[in-house]
Structures are given as C-alpha cells and as structure tokens.
Amino acid sequence: MYLKQQRILLERLRSILKTKYDIELANLAIEQPPEIRFGDYALPVAFELAKRLRKAPRKIAEELVAELATLEGFKSFEVAGAGYINAHLDRSAAVVVFAEEGTVVLTSGLHVLVEHTSINPNKAAHVGHLRNAILGDTFVRLLRAAGQKVDVQNYIDNTGVQVADVVVGLEHLEQLSYSEVKGLLAVLNERGERVDYYCWDLYARVSAWYDQGSPEEKQTKKQIRLATLHQLEEGSNETSEIAKILSTAVLRRHLETMLRLDIEYDFLPRESEILRLKFWELAFEQLKTRGVLYHETEGKNKGCWVMKRAGGSRTGGERRARAEENRQELPEHDDAETGPDEDAKVIVRSNGTVTYVGKDIAYHLWKFGLLGRDFGYRPFFKYPDRECWISDETGEKEHPLFGGAQAIYNVIDSRQSDPQSNVIEALRGLGYTAEADRYTHFSYEMVALTPRCAVELGYEVAEADLRRAFIEVSGRKGFGVKADDLLDKLIEAAQKEVDSRQPERGEDERNQIAKEIAIGAVRYFMLKYTRNSVIAFDFKDALSFEGETGPYVQYAVVRARNIFRKAGTTAEEVLADFSASGADAYLAAEDAEDIWSLWLRASKRTLLVEQCITTAEPAYLAKHAFQLAQDFNNFYHRHHILTEEDAAKKKLLLATAAVAQRELIQALAWLGITAPEAM
RNA sequence: GCGCCUGUAGCUCAGUUGGAUAGAGCGUCUGGCUACGAACCAGAAGGCCGGGGGUUCGAAUCCCUCCGGGCGCACCA
C-alpha cells in the first residue's frame, strides 16, 4: 500500500514538473518526515530546483502544492520547514484498502539461481556456515515473494584439498582401508555419533600432523597430501572411493543440520562432475578463441595461460589518465616495450592443470546456460514437499532442469571477492556482458568469536588475541562453534523458559515451541547485522530472547493471537468485515498517533521486499519486523481492546491488531521464522 | 606495496538515492503486573558520527588527506 501510493505521488509530481517547468529529474527523492504528524511522505524536491529556477525553495514548494491539489488516496499536501512538501494520506481510505490487501502475490517471471551454504564436506558446519545459509535462504524467500523462479544450489567441493586432508587422516593416521572406513561410518551411525563431528577432530589432527616432525618428514607428508589430492581429482581408485563415501556422509549431515533451520536445496552440483564431465575443456575453448586467455611466454608465468586482472593498474589507459591528471609528461618509453604482465591471473598452470578460478569460470558458464553441456542428475535427499537432486556423471533420464538462469547470486564470504570478480571479468571478456551484470557476489563478513567466548569454550587464547575485538574461527585448527551445538544450546535454553511458562501444555507441544523459539533466535541473530559487519559471536548475545531478537517478534504475534482467541474470532475474520466507518476520528486523534503509525509501518511490506532485493540486504526486513513488533507492543499497552466500550473504536483496535499480526507473521515467514501459538 | 571493507552512546549495531531535532538493543538508574501474558511497556542519563580540509542551500552519508581496525592480493585449492 505504502509503496503503491508512493509511486502514484511520484508519478504525479513528475508530470507536474514536466508540464509546468519542463524539467525531468532522473530520481526524485522521497522520504518519511521525522514525525508522523508532519505527514506520511516528504518531498525535498524544491531545494533541488531552487537554483535551476532561481526561486526560493518555499516559493517552489507552494507552487507545487497548488498544482498537486487533490490526488487519489491523499488527503492534503502542505509546505513545511524551509521548503519540504509533506503529503498526508487519507487515513480512513488507506486503512480500508490495506485491510483488504492481504498477501499480494507478485509475478516477475525472472529465473534466478542462488547458491549458498557450500560447505566443504570434510567437517561439521560451524556458525560461519550458519550465517551463509541463513542469509541465502532468507534471500531466496524474498525473491520468491517477489514472484521470481528460484533454484537453490549448494555447491559441493568434494575433490578439494580439505576433503583430501581428512582422507589423509583416515588412511595415514588411522591406517584404515576402504572397507574399514565403511565399517567406521556404520559404527558411528549405530552409536548415534555424528560423522561430521568425528571429521572435525580428525581434520584438526591432520593439520597439526602436517606441521610436526623434521623438515624431511614434513616434506614426505606434503607429498602424501598432494598425491591424495590428485587421486581424488582422478577418481576410480580406493582413495577416491574413501573420499566419496566420507564426503557424502558428511554432506547428508549438513543437509540435516540445515533442515533443522528449515533450509532446503534444489540441486547439489559437485566438483567431481565438473571434472569428470570436462566442463573446463569447453570453457577453455571459448576463452582461447575469444582471446580472454593468452599464453605467456616470458617472466614468472612463462608457460601458463593467463588472464588480465580486472581493473589492473598496468593498463596504458589508466596510466595515461593519471599522468594527465597530474599534468605530467608521459614517460618516454611507456607501453611500447612493457614486459610480461606479471600481475595477470594464472588460469592454466605451466604443467597443464587448471586452477580453481578456471573451473569456476566453466561452472558459471553452465549456470547461465552458456557452456553447451549439462550435468547428469539423480535424486539425493527427500524433503517433506520436494526432492533435492545431486550431480552425477550419467544420472537419470527424467529430471528437473537446472542452470540456464537469467541472474545469479553467490552467497560467499567477502574474503572471496577477488576470485569472484575474476570470474565476472572472464564472462565480460567472453562478451557475456549482460550475464556479468546479473552476476551478484552476495558477499558478507565472517562470524568470528569474541575472546571471551573462545576462553569459555576452553580454547587456549594467545595474549595478543585477548585484546582483540574478535578472533577468526578456523576449521583447520578445529577452532569454532559448531552449528548443531549452538542449536542444541538454544533449544535447551528455550525449553527451560517454555517449561516454566507453559507447565500445563503437553511435552510434545512444549518441545515444538522451544524449537520454534530457538530457530527464531538464531535466524534473527544472523540477519540483524548488515552483511558487511563482522559478527563477533558470543553465547550471551546469541542466546538472548529479549530486546531486538527473534523471540521478541514472535512474542508480539502470540499476544495478538491471544486477543482474538479471547474475543472468539480471528484476525482474518476481523479484516474481512472491516470498514473504517466511524474510525476517522480515532485515526486522526492527536493522542492516538500510535494507531496510525502502526498501520503505516505495516503497509510498507512491499517496499521492504523491493528494497531488500535491490540492495541484496535481508537485514532491512529483520529490522522492519522488529520495529513493527515494537509498534505493536506499544499499541498493546496503550489500548485495552477487549474492554473497550466504544464499539466503533473497538472495531478499529481489533483491525489494527489483526493487521499487525498478519504482517508480523508474513515478515517472519520471509525471515524463515514461524510464530508459535503460545510461548 | 596494491585492492576491498570499516571507524556513530559504556558495549553491540541501524541510519534509504546527501535532507527537518543522529536512532535502536544490551548495560546502568527510576517507575509500571487484581489488565488481551511483564520473553513486555514508560522515563532518565549517555554523542566534536576517528581527526583535519573541501564540495553543497544542506554532509554521519560525496571528494581529498591523515590516524586506527579488518580482510584479500601464489602456477595452494
């Protein structure tokens, strides 16, 4: 509603500017006045025009207000301050419209692909992975809310050095054969022990083992590591078979962990298939024929196929521009005889093997349907209402279509921004500029631990680290908070609260409520920070259920539900037969601005979805949900609905609570959070 | 050395494309449960928005510079 009226207002203003002054502005600023009594929209356009028209801003604003006169949905316009134009919505009309609005289903028709989670299948998921998955999943929900067709992918690097390291641990530290590893997995499964936890410790042990011993011994270990990696890449040997069953077992654990948070995937592309199906060969051909890669014949990269880096500082154009800026003469012999570009990115090594970026380019060509080859597919994991597929060399004949997306989002932490931009530049170099423009590195900062949290967990913390704001987690060192441990702790804490507050409810119901609260807490916690803020993780903050938290928002819904339960009706019923007749007086009353401001905020739903998508920032929605809950709690205290004697006012109050409930539940759903019946 | 991010209340963070008196949570202090549930609400204290300069009618926001913090910059993956 809010967004719709905003567009109507801006459109009208645009046409007035065109006819009256013959002015067209690219983007008209619009905002909300600092206080609700000033109005619902503020236009500072007069300030911008003052110079062009050689008139005082106030004068221009007055002229514009006169031109605006009346506009559908608006009650009045006025000049305020030094030249703002404030617009007031027709409150009673707006309230009726918005009560009927319900959940608007948009259809954009855009086919997008979101890749998130992408944990190396060699250890348990930790809090950093949780941030990734929660951000990605929430963004997927937002895109779907906007009517986009979204495929969710979780990339599995099952042939990389991290998996190799754990395999080294199994084969060389534990001295296990393929069948013994198989037995180990069965035993762990029987005992109800988590294989990803087992790997967490083993991975840390192997990493420490590499660093032990004499230089000769270390060299030998390094050789073992490399040989293992090569066997994984090659496939069809005992070592690669161990890697296969192990990484698959760990992957299943990851999917189970994420399912606890209501996070699902459509497709799991694996690096093993990218290798076996020779995606790279096809990409290499394209890159060579279009001159994106060139064969270096001199310098340190001699014998490699390399690509110029994005925005490389060595290009002649930039140098010239800079020289001009400084009013300096160009050096005599500039570009003419420059040697090899040592800053170029190596894509194919001199021994003929391809680097990670090379494989990534091939994979992204597939994502956009530009490779000319597809994966094989087979079903892998069953969700209650859908199936998750995995890549396979041959696969099944019948399968859904993946890839060939119009736009992609890669949820990958900010440390990977260099390699990500390499891939984008390669696409651009190949002439796929439209695709490059629709390639979004959905980057976010890491989750680190506060020194206090690290000490609490029993890790040894160096003196210097104690003074830092945060310490980076490290899978290699086994340093971090596991995702499942955090969830278990959250459920335990929520359970305690629920048990004491809801003793009369059954155990199953209490368990269910505790889980919902735990999920609400952790998802909100990961979403309340904007993407490029490092989260310094601390149990005290993460386990909080008060203040700006998920449970706070959930609690607001529970309160609203109780009102309707006691009133013997539902929010839907109240809204279905709501008319604003007789409500005008209450909506306009100075001492009841809280009612209108609640409606106004609630009506911003579509504005928020749009904003979150264009900025790729789900935190705005989390903030919105919290503020709406805050508005509702405030309203709840000021107006006692069920004892209200004035029938017309009671109707309005009920409708207000109903709208708040509807919008809170919707916002929470997009955040991946459910609202319990009681808590 | 180069690139990207970042510095806002005691702490953790918001702050739309530059706009009206810079906001929230936590913590501290004070008050509010015989009310639709207090996982709540109200109030108070707490700010040279890292420093300096510039652009602008207007700067936390844009530009320059200095200082502090973080992360990347391999023929590893």
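### Side note on the overall build of chain A
Check the secondary structure of chain A and you find 28 helices and 16 strands. Once the C-alpha set of chain A is aligned to its principal axes, its extents read approximately 85 × 80 × 60 Å. When the 679 residues of chain A are sorted by exposure, 52% land in the buried category. When contacts within chain A are restricted to residue pairs at least 6 apart in sequence, long-range pairs at least 24 apart make up 76% of them. Taken as a whole, chain A presents about 31,400 Å² of accessible surface, with 48% of it coming from carbon and sulfur. Separation of charge centres in chain A, based on 87 positive and 105 negative side chains, amounts to 2 Å.

### Quick look at the confidence of the model for chain A
For chain A, the average pLDDT comes to 91, and 95% of its residues sit at 70 or higher. For the stretch residues 312-337, pLDDT sits under 50, and the model shows 17 contacts to residues farther than four places along the chain or on other chains. Interface confidence for the predicted complex, expressed as ipTM, amounts to 0.96; the pTM equals 0.95.

### Observations regarding the layout of surface pockets
Counted as a void, the second largest pocket has a volume near 410 Å³. Around the second largest pocket, the lining comprises 16 residues; the ones closest to its centre are Glu497, Arg501, Phe545, Glu546 and Met679. Contributing elements (two or more residues each) for the lining of the second largest pocket: α19 (483-501) and α22 (550-567). Considering each element in turn, the lining of the second largest pocket owes the most residues, six residues, to α19. Residues of the lining of the second largest pocket, tallied by class, amount to nine nonpolar, three polar and four charged.

### A word on the packing of helix α6 (residues 161-173) against helix α8 (residues 195-210)
In a pair of packed helices, the angle between the axes and the distance between the axes together describe the arrangement. The contact between α6 and α8 brings their axes to 9 Å, and the two run at 85°. It follows that α6 is roughly perpendicular to α8 by the angle criterion. In contact with Gln162, Asp165, Val166, Val168, Gly169, Leu170, His172 and Leu173 of α6, α8 contributes Tyr198, Cys199, Leu202, Tyr203, Arg205, Val206, Trp209 and Tyr210. Taken together, the residues of the contact of α6 with α8 break down into eleven nonpolar, three polar and two charged.

### A word on the packing of aromatic side chains
This model, assessed by the stated rule, comprises 29 aromatic pairs. Seen from their ring centres, Phe47 and Tyr84 are 5.1 Å apart, and the 75° between their planes marks the pair as edge-to-face. Here Tyr84 lies in strand β3 (residues 84-89) and Phe47 lies in helix α2 (residues 45-53), a separation of 37 residues in the sequence. With relative accessibility at 33%, the residue Tyr84 sits in the partly exposed group. Ring centres 4.9 Å apart and planes at 55° place the aromatic pair Phe267 and Tyr377 in the tilted group. Placement of Phe267 in strand β6 (residues 267-268) and of Tyr377 in strand β10 (residues 376-382) is noted, with a sequence separation of 110 residues between them. Neither residue differs from the other here; Phe267 and Tyr377 are each classed as buried. In textbook terms, an aromatic cluster arises when at least three aromatic residues are bridged by ring pairs, as seen for Tyr155, Phe267, Phe279, Tyr363, Trp366, Phe375, Tyr377 and Phe402. The ring centre of Tyr197 lies 5.2 Å from the NZ or CZ of Arg194, which sits over that ring. Residue placement shows Arg252 over the ring face of Phe380; its charged tip is 4.2 Å from the ring centre.

### Digging into the sheet that holds β3
Taken in spatial order, the three strands make up an open sheet running β1-β3-β2, and their pairing is antiparallel. Two strands in the sheet have a free side with no partner beyond their single neighbour: β1 (41-43) and β2 (74-80). Within this sheet the neighbouring strands show an average axis-to-axis angle of 20°, counted without direction. Summarising the sheet, β1 and β3 pair through three bridges and their orientation is antiparallel. Residue Tyr41 lies in a different strand from β3, and its bridge partner there is Ala87.

### Some remarks on the state of the cysteines
Across all of its chains, the model carries zero disulfides by this definition. With no disulfide of its own, Cys199 lies 20 Å from the sulfur of Cys388, the closest cysteine sulfur.

### Focus on the sheet that holds strand β9 (residues 345-348)
Spatially, the three strands line up as an open sheet ordered β7-β8-β9, and their pairing is antiparallel. Looking at strand neighbours, the two that pair on one side only are β7 (294-295) and β9, the edges of this open sheet. Bridge count for strand β8 (residues 305-307) against β9 is three bridges, and the pairing is antiparallel. Opposite Met307, over in β9, you have Lys345 as the bridge partner.

### Some words on helix α10 (residues 238-260)
Here α10 is 23 residues long and its end C-alpha atoms lie 34 Å apart, about the 33 Å a rise of 1.5 Å per residue gives. A distance of 3.2 Å separates the backbone nitrogen of Thr239 from a side-chain oxygen at the start of α10, and that oxygen is part of Asn237. Asp262 sits one or two positions beyond α10 and adopts a positive phi of about 70°.

### A word on the protein's contact with RNA strand B
By nearness alone, 68 residues border RNA strand B, and Tyr84, Arg349, Thr530, Tyr555 and His639 come closest of all. Val161 is positioned with one of its backbone polar atoms (N or O) 3.4 Å from a sugar or linking oxygen of RNA strand B. Interatomic distance of 3.2 Å between a side-chain N/O atom of Gln630 and a phosphate oxygen of RNA strand B. For the surface near RNA strand B, the leading source of residues is helix α27 (residues 619-638), giving eight residues. Among the residues making up the surface near RNA strand B, the classes are represented as 31 nonpolar, 19 polar and 18 charged.

### Digging into unusual backbone geometry
With a phi angle near 75°, Thr117 is a residue other than glycine that sits in the positive phi range. Its location among the elements puts Thr117 in the loop between β4 (111-115) and α5 (127-145). By relative accessible area, Thr117 is classed as buried at 4%. One non-glycine residue, Asp262, lies in the positive phi region at around 70°. As for its position among the elements, Asp262 is in the loop between α10 and β6.

### Side note on the side chain of Asn633
Tracing the chain through its elements places Asn633 in helix α27. Filtering out sequence-adjacent residues up to four positions away, Asn633 remains in contact with Tyr552, Ala556 and Arg559.

### Details of the environment of Ala454
Counting through the fold element by element, Ala454 comes out in helix α17 (residues 451-456). Separated by 155 residues in the primary sequence, Ala454 and Val609 have C-alpha atoms spaced 37 Å apart. Setting aside anything within four residues of it in sequence, one finds Ala454 in contact with Tyr459, Val461, Ile471 and Phe479.

### Quick notes on the pattern of salt bridges
Taken as a whole and assessed by the stated rule, the structure comprises 53 salt bridges. For Lys367, the salt bridge identified is with Glu115, shortest N-O distance 2.8 Å. Taken together, the residues Lys367 in helix α14 (residues 356-367) and Glu115 in strand β4 connect sequence positions 252 residues apart. The class of Glu115 is buried, set by a relative accessible area of 5%. Asp488 is the partner of Arg194 in a salt bridge, and the nearest nitrogen-oxygen pair spans 3.7 Å. Note that Arg194 is positioned in the loop between α7 (178-191) and α8 and Asp488 in helix α19, a separation of 294 residues in sequence. Classification of Asp488 as partly exposed rests on a relative accessible area of 32%. What emerges from the salt-bridge pattern is a single network uniting Arg194, Asp196, Arg253, Glu256, Arg260, Asp484 and Asp488.

Reading the values: rules and limits
Residues numbered from 1 in each chain as written. Chains lettered and ligands numbered in written order. Predicted model: local features only at pLDDT ≥ 70, side-chain atom pairs only at ≥ 80, totals over all residues. Heavy atoms only, no water. Helix = DSSP H or I, 4+ residues; strand = E, 2+ residues; numbered from the N terminus. Buried < 20%, exposed > 50% of the residue type's maximum accessible area, 1.4 Å probe, protein only. Contact = heavy atoms within 4.5 Å. Areas by Shrake-Rupley, 256 points an atom, 1.4 Å probe, with all protein chains shown as cover. Lys, Arg positive; Asp, Glu negative; His and termini not counted. Charge placed at Lys NZ, Arg CZ, Asp CG, Glu CD. pLDDT = per-residue confidence, 0-100. 1 Å grid on protein atoms, 1.4 Å probe; cavity = no way out; pocket = protein on both sides within 12 Å on 5 of 7 lines; lining within 4 Å. Points joined across faces, edges and corners; volume = space filled by probe spheres on them. Nonpolar A, V, L, I, M, F, W, Y, C, P; charged D, E, K, R; others polar. Axes fitted to C-alpha atoms, helices over the stretch in contact; angles between N-to-C directions. Parallel < 35°, antiparallel > 145°, perpendicular 65-115°, else oblique. Phe/Tyr/Trp six-rings, centres within 6.5 Å; stacked < 30°, edge-to-face > 60°. Lys NZ or Arg CZ within 6 Å of the ring centre and 35° of its normal. Pairing = 2+ DSSP bridges. Disulfide = S-S within 2.5 Å. Expected span 1.5 Å × (residues − 1). Polar contact = N/O pair within 3.5 Å; in protein donor to acceptor, adjacent residues only side chain to side chain. Near = heavy atom within 4 Å. Salt bridge = Lys/Arg side-chain N within 4 Å of Asp/Glu carboxyl O.

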